Amino acid sequence: QVQLVESGGGLVQAGGSLRLSCAASGRTFSRYAMGWFRQAPGKEREFVAAISWAGRSTYYTDSVKGRFTISRDNAKNTVYLQMNSLKPEDTAVYYCARSARIWETAPGRNSYEYDIWGQGTQVTVSS
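Rules used in this analysis
- Residues numbered from 1 in each chain as written.
- Predicted model: local features only at pLDDT ≥ 70, side-chain atom pairs only at ≥ 80, totals over all residues.
- Heavy atoms only, no water.
- Pairing = 2+ DSSP bridges.
- Helix = DSSP H or I, 4+ residues; strand = E, 2+ residues; numbered from the N terminus.
- Buried < 20%, exposed > 50% of the residue type's maximum accessible area, 1.4 Å probe, protein only.
- Phe/Tyr/Trp six-rings, centres within 6.5 Å; stacked < 30°, edge-to-face > 60°.
- Core = buried A, V, L, I, M, F, W, Y, C linked by side-chain atoms within 4.5 Å.
- Contact = heavy atoms within 4.5 Å.
- Salt bridge = Lys/Arg side-chain N within 4 Å of Asp/Glu carboxyl O.

Caption draft 1: A look at the pairing of strand 9 (residues 92-102). Pairing of strand 4 (residues 32-39) with strand 9 involves seven bridges; the strand directions are antiparallel. Residue pairing across strands places Gly35 opposite Ala97, the latter belonging to strand 9.

Caption draft 2: Geometry of unusual backbone geometry. Unlike most non-glycine residues, Ser85 shows phi in positive territory, near 50°. According to the relative accessible area criterion, Ser85 is partly exposed, its value standing at 40%. We note that Trp103 has phi near 55°; this positive angle belongs to a residue other than glycine.

Caption draft 3: Expanded view of the packing of aromatic side chains. Throughout the structure, instances matching the rule amount to five aromatic pairs. With a centroid separation of 5.7 Å and an interplanar angle of 80°, the aromatic rings of Phe37 and Phe47 are classed as edge-to-face. Separated by ten residues along the polypeptide, Phe37 in strand 4 and Phe47 in strand 5 (residues 46-51) bring together distant segments of the chain. For the pair formed by Phe37 and Phe47, the shared burial category is buried. Between Tyr114 and Trp117, the ring centres sit 6.4 Å apart and the planes meet at 65°, which makes this aromatic pair edge-to-face.

Caption draft 4: Molecular detail of the nonpolar core. Trp36, Leu81, Met83 and Tyr94 are the most contacted members of the largest nonpolar core, which has 28 residues in total. Listing elements by their share of this core, those giving two or more residues are strand 3 (18-24), strand 4, strand 5, strand 7 (68-73), strand 8 (78-83), strand 9 and strand 11 (121-126). A total of four residues in this core trace back to one element, the largest contributor, which is strand 3. Those residues in contact with Leu81, other than ones at most four positions away along the chain, are Leu18, Arg19, Leu20, Trp36, Val48, Ala49, Phe68, Thr69, Ile70 and Tyr94.

Caption draft 5: How the structure looks around the environment of Gly55. Structurally, Gly55 can be placed in the loop between strand 5 and strand 6 (58-60). For the pair Gly55 and Ser71, spaced 16 residues apart in sequence, the C-alpha to C-alpha distance is 6.8 Å.

Caption draft 6: Quick look at the pattern of salt bridges. Applying the stated rule across the entire model yields six salt bridges. Note that Asp90 is salt-bridged to Arg67, the shortest N-O span being 2.8 Å. With Asp90 in the loop between strand 8 and strand 9 and Arg67 in the loop between strand 6 and strand 7, the pair connects residues that are 23 residues apart, well separated along the chain. Comparing Asp90 with Arg67 shows no difference in burial state: the two are buried.

Below, the structure is given as structure tokens:
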């Protein structure tokens, strides 16, 4: 059973940076697209970014374009989310997730397109 473990969250001032990591167990990580989602208190979980299985294609929600970068290291079974110029509205629990489709080149933005989720890591941005 594949497990995803996020790390790297914390408290940061507005304008600061954080780098989230998501480590996957098992031997199939490189075959699947990966995504990052977030959920703020009282709000629904929303898509943040996704990366294809080979890392050639990346996708972002409009609010983080130019500030966040998703990347992956298939040799380390890890996907990253570099977050720069953080804003208070970025405060949320951040989750990584594995695409439900193998060899996905255009990962989706909907939660139902992902079948394995991490436990989440809290990101708090103070103003």
